[in-house]
Amino acid sequence: MNAENNVIEINGLTKRFKEVLAVDELSFEVHSGDVFGFLGPNGAGKSTTIRMILSLIRPTSGTIKIFGKTLNENRKEILTNIGAIVEKPDFYLYLPAIKNLEILAKISGKEVSESRIMELLELVGLKDRAKSKVKTYSHGMKQRLGIAQTLLHNPQLIVLDEPTTGLDPQGMKEIRDLIIKLSKEEKKTIFLSSHILSEIELVANRMIIINKGSKIVEGEVNKLLNSNILKVTVEVDSSKAALKILQNTIWYNNIESITENKFSINIEQKVIPDLNKYLVENGIMVNALIPVRSLEDYFLSITSGAK
Amino acid sequence: MIFTLVRIELLKIFRKWRTYIGFIAIGILVPLLHLAMYLEGQNSIDFVTRGLKDSFILVGNLLNGYWISYIILNALTVHIPFLITLVAADLLAGEATAGTYRILVTRPISRMQIVTSKFLAGMIYTTSLMLFLAIMSLVVGLIIFGSGELIVTGSQSIIILEKSDILWRFLLAYGFAILSMTVVCSLAILFSSLVENAIGPIVSTMAVIIIFIILSAFNVEILRELRPYLFTSYILNWREFFNDPMDLADITKAVSVLSGHIIVFFIATSFIFQKKDILS
C-alpha cells in the first residue's frame, strides 16, 4: 500500500496532560476505503487520539497527515472532508433536530441542500421527529442524529468514536449496517473507535489495538484473526490427572486458567488432534475441546499482557 | 462566513430562555419605576430643587420622561451588567457544558472566527438590551410623563437643559452606555473561555465589577492612581453628555479606555481559545 493511498498517517503522536501520558509515540495508517477499527480498553487513549485527529486538542509532539496533508497547515481543507462523532453526539438541545442540522450544514464548508438534510433524517429514521427539540430525544435518537450530522456534507472520511454506546442490540445492528453500506456503496473511509470488539470484528477490514496510549498491534483483521495460536478450552474428567500427564510435554508451559474439570491451553490449530489423542491414550476422558479464535479473546489477551 | 456564524450565534442566543431574563427584568422594573414616579415623583423633584426654590421660580413639567430616563440610566453600574453577564458568560462556557464545542470546532472554521462571532453576537445582544432599556425608560417615559426641561444635579452645580437640547444627549449617552456594557460583555466572554460552566464567569465578572467599584470608592492615594485603569471608573461617564459645556477630552479618554478594554479582552479570549484543548 503506497503513501498516496493513505487517508490518515499518524507518526510519533504523543499527548501529555501534565503528569499523565495519554498517547505515547503512536504511529499508524488508515488507507482509502478502509473500515479501520481503533480498539482499546477504556482509558487507552482512543478519544485523545481522535481529538487530536480532529484538531480539538493539540499534540505534544508528532505529526498528523490527513488526505496527504499536514493537519496543522491545512486544517480547514481537511475538516471539510471529515464527518465525525466524538464520544457522544451532543447537540443544541433547545433547538429542533432539523435546525441543528441546518446550523451544522451552514458551517460544513460545502453546499448542503434542504432536501439533503431531509434525506439524511429519513436515512436515520428521524424524519417524523425532525421538528422536535433534541432535548426530547432518547439517547439512541441522538446517536442516529449524530450519524446524520457526520454525513451532511458528504465527507470522504468518517470518524466514529464509540458510535453504538448506549444503543440496544437493534440500534447497534442498524449502525453496523449503515457503516457497511457507507463503506461498500459510497466508498467512504471509516475510522471506527470502540472498546466493543465484536463491533470491530463484524465491520472492520483493518485495525489497531492500543493500550496505555501505545500501539499493541496493527494489521488486517483477517490476518490477526487467523493467528495460528488458539486458546483451547479442554474439558476433562479431572484436570489434576490431565496436568500430570501433560507435565513432561512441550504443551505444559502453555496451560492456564485451571479449574477442577477444565483448563485452557494455547496451542497451534494443527496440533489439537495430537493433544486429544495424547490425553485419551493416557487414560484421560476428554469431554470437549473448544477452540476460541475471536478477536475479543485476542484483544483481551494482548491488552492484559501489556499491563 | 463570519456573518453566517454571527447569525447562528444570534439564533442560539435568542432561542435560549435565559436571554429573555434581562428583557423581562427591564420590562418589569422600568414600569414599576414609572409607577413609583407617577405616584411619588414630585417629592423627588422637590428634593432635588429644594435649594433653588428660594432664589428661582421653577415653571414647566420637571417630572418628565427625560428626567426619569436619566435616573434609570444610573442602574448601569451593577444591575444592567448582571443582566448582560447572564448571557455573555454562557457564550463559550455554554458550548463546553453542552458538549457542542466538539461539533463546532471540528467544522472547517477557525477558532478565531468562533471567538469573533461570539463577541459580535454578544455585542448585538448588549446593544439590543440597551435599546430595550432606552425604549422602556425614555420612549415610554415620554409617553406617560411627556417632555420638559431636564434638571441635572452635579456635586457643585445644577444644570437645567432645555427640552429641545436633550434628545441628542440621550442618544449619545445610550451609545456610550452600549460601549461600557460591551466591556462587561467582553470580560464575561473572556472568563467564559476559561471554564466549562457559565456560573463561574457570571460570578467572576460581577466580582470584578464590585471589587473595582469598591476600589474606586476609597479615597486613598494609591487607589486614586489605580482608578484611571479600572473600566468601572468610566461606566457612568455617560453623564458627561448632560454637562454644559461637555468635557470632550474627558469623553474621548473614557471612550478610548473602554474601547481598549474591549480589544484587550478580545485578544486575550482569542489567545486562550486558540490554545485550548477541547476536552468537554
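Computed from a predicted structure; not experimentally measured. (Residues numbered from 1 in each chain as written. Chains lettered and ligands numbered in written order. Predicted model: local features only at pLDDT ≥ 70, side-chain atom pairs only at ≥ 80, totals over all residues.)

Within chain A, the regular secondary structure consists of 11 helices and 14 strands. Taken across its 307 residues, chain A has 38% of its residues classed as buried. Residue pairs at least 24 apart in sequence account for 70% of intrachain contacts in chain A once pairs closer than 6 positions are excluded. (Helix = DSSP H or I, 4+ residues; strand = E, 2+ residues; numbered from the N terminus. Buried ≥ 20, exposed ≤ 12 C-beta atoms within 10 Å, placed from the backbone. Contact = placed C-beta atoms within 7 Å.)

Within chain B, the secondary structure is distributed over 11 helices and 2 strands. A globule of 280 residues ought to have a C-alpha radius of gyration of about 19 Å, and chain B, at 21 Å, matches this closely. Here the C-alpha coordinates of chain B stretch approximately 70 × 45 × 30 Å along the principal axes. Counting the 280 residues in chain B, one finds 39% classified as buried. Considering only contacts in chain B between residues 6 or more positions apart, those separated by 24 or more positions represent 80%. (Rg over C-alpha atoms; globule rule 2.2 N^0.38 Å.)

Once that is clear, we can look at the sheet that holds strand S1 (residues 6-17) of chain A. All names here are of chain A. Strands sit in the order S2-S1-S4-S5 across an open sheet of 4 strands; the sheet is antiparallel. The open sheet has two edge strands, strand S2 (20-31) and strand S5 (69-70), and neither has a second partner. As paired elements, strand S4 (residues 61-66) and S5 share 2 bridges and run antiparallel to each other. Note on S5: the bridge partner recorded for Lys 65 is Thr 70. Packing against the sheet, helix H1 (residues 46-53) makes contact with S1, S2 and S4, and its axis sits at approximately 115° to S1. (Pairing = 2+ DSSP bridges. Axes fitted to C-alpha atoms, helices over the stretch in contact; angles between N-to-C directions.)

The next thing to look at is helix H1 (residues 2-14) of chain B. Structural remark: α-helix, 3.6 residues per turn; residues separated by three or four positions point the same way. Residue and element names in this part refer to chain B. Its 13 residues place the ends of H1 18 Å apart at the C-alpha level, agreeing with the 18 Å of an ideal helix rising 1.5 Å per residue. Looking at H1, one finds that the buried residues are Leu 5, Glu 9, Lys 12 and Ile 13. Each buried residue of H1 lies within a common arc of 100° when the element is viewed along its axis, so the set occupies one face. (Expected span 1.5 Å × (residues − 1). Arc of directions from axis to C-beta.)

Turning our eyes to something else, we now look at the packing of helix H7 (residues 111-145) of chain B against helix H11 (residues 248-275) of chain B. Residues and elements named next belong to chain B. It is the contact of H7 with H11, at a shortest axis distance of 9 Å, that shows an interaxial angle of 140°. In this view, H7 runs oblique relative to H11, as classed from their interaxial angle. H7 and H11 meet at a crossing whose hand is right-handed. Contact residues: Arg 111, Met 112, Val 115 and Phe 119 in H7; Phe 266, Thr 269, Ser 270, Phe 273 and Gln 274 in H11. Per-class residue counts for the contact of H7 with H11 are 5 nonpolar, 3 polar and 1 charged. (Parallel < 35°, antiparallel > 145°, perpendicular 65-115°, else oblique. Left-handed = near helix turned anticlockwise from the far one by under 90°. Nonpolar A, V, L, I, M, F, W, Y, C, P; charged D, E, K, R; others polar.)

On to the domain arrangement of chain A, then. What the domain assignment reports for chain A is domain 1 (3-220) and domain 2 (229-305). Taking only C-alpha atoms, the centre of domain 1 of chain A and the centre of domain 2 of chain A are 40 Å apart. (Domains from an automatic or database assignment.)

What follows covers the nonpolar core. Among the nonpolar cores identified, the biggest contains 135 residues, and A:Phe36, A:Val159, A:Ile190, A:Phe191, A:Leu192, B:Ile84 and B:Ala177 are the most heavily contacted of them. It is helix H8 (residues 167-192) of chain B that contributes the most residues to this core, 16 residues altogether. For A:Ile190, the residues in contact, after removing those within four places along its chain, are A:Val35, A:Phe36, A:Ile158, A:Leu160, A:Ile179, A:Leu182 and A:Ser183. Counting 9 residues, the second largest nonpolar core, distinct from the first, contains A:Val234, A:Val236, A:Leu246 and A:Ile265. (Core = buried A, V, L, I, M, F, W, Y, C linked by C-beta atoms within 7 Å.)

Residues and elements named next belong to chain A. Judged by pairing direction, the sheet is antiparallel, and its 4 strands sit side by side in the order S12-S13-S11-S14 without closing on themselves. Two strands bound the open sheet, and with one partner strand each, they are strand S12 (255-256) and strand S14 (286-292). Of the strand pairs in this sheet, strand S11 (residues 229-236) and S14 are connected by 6 bridges, and their pairing is antiparallel. Within the sheet, the bridge partner assigned to Val 232 lies in S14 and is Pro 291. Sitting on the sheet, helix H10 (residues 272-281) is in contact with S11, strand S13 (262-268) and S14, with an inclination near 160° to S14.

Attention shifts here to unusual backbone geometry. In this chain, B:Asp244 is followed by B:Pro245 through a cis amide linkage whose omega measures 5°. Tracing the sequence through the fold places B:Pro245 in the loop between helix H10 (221-226) and H11. The phi angle at A:Glu25 is positive, at roughly 50°, despite the residue not being glycine. Residue class for A:Glu25 comes out partly exposed when judged on the 14 C-beta atoms lying within 10 Å of it. Despite not being glycine, A:Glu162 shows a phi value in the positive range, around 50°.

This part covers helix H5 (residues 139-151) of chain A. Here H5(A) contains 13 residues, and its C-alpha end-to-end distance of 19 Å stays within 8% of the 18 Å for a straight helix at 1.5 Å per residue. Of the residues making up H5(A), those classed as buried are A:Lys142, A:Gln143, A:Arg144, A:Leu145, A:Gly146, A:Ile147, A:Ala148, A:Gln149 and A:Thr150. Those residues of H5(A) hidden inside the fold are in contact with strand S6 (82-85), helix H3 (97-106), helix H4 (114-123), strand S7 (157-161) and helix H6 (169-184) of chain A together with helix H6 (101-105) of chain B.

Our focus in this paragraph is the environment of A:Thr164. Residue and element names in this part refer to chain A. One can find Thr 164 in the loop between S7 and H6. The sequence separation of Thr 164 and Ile 196 amounts to 32 residues, and the corresponding C-alpha distance is 8.9 Å. Ignoring any residue separated from it by four or fewer positions in sequence, one finds Thr 164 in contact with Met 172, Ile 175, Ile 196 and Glu 199.

Another aspect to go through is the environment of B:Cys185. Residue and element names in this part refer to chain B. Looking at the element boundaries, Cys 185 is found in helix H8. It is 9.8 Å that separates the C-alpha atoms of Cys 185 and Leu 83, two residues lying 102 residues apart in sequence. Leave out the neighbours within four places in its chain, and Cys 185 touches Ile 84, Ala 88, Gly 122, Met 123 and Thr 126.

This part covers the pairing of strand S9 (residues 206-211) of chain A. Moving residue by residue along a regular strand, the side chains alternate between the two faces of the sheet. Residues and elements named next belong to chain A. In terms of burial, S9 is largely enclosed, as 6 of its 6 residues are buried. The two faces of S9 match: Arg 206, Ile 208 and Ile 210 on one face and Met 207, Ile 209 and Asn 211 on the other face are all buried. Taken together, the 4 bridges between strand S3 (residues 35-39) and S9 define a ladder with parallel strand orientation. Counterpart to Phe 36 in the pairing with S9 is Arg 206. Here 6 bridges tie S9 to strand S10 (residues 214-220), and the two strands are oriented antiparallel to one another. Bridging across to S10, Ile 210 finds its partner in Lys 215.

This brings us to the packing of helix H3 (residues 65-73) of chain B against H7(B). Residues and elements named next belong to chain B. For the pair H3 and H7, the least separation of the axes is 8 Å and the interaxial angle reads 145°. The two elements H3 and H7 meet at a crossing, and its hand is right-handed. Across the interface between the two elements, Gly 65, Ile 68, Ser 69 and Ile 72 from H3 touch Ser 137, Leu 138, Gly 141, Leu 142, Ile 144 and Phe 145 from H7. Classifying every residue of the contact of H3 with H7 gives 6 nonpolar, 4 polar and no charged.

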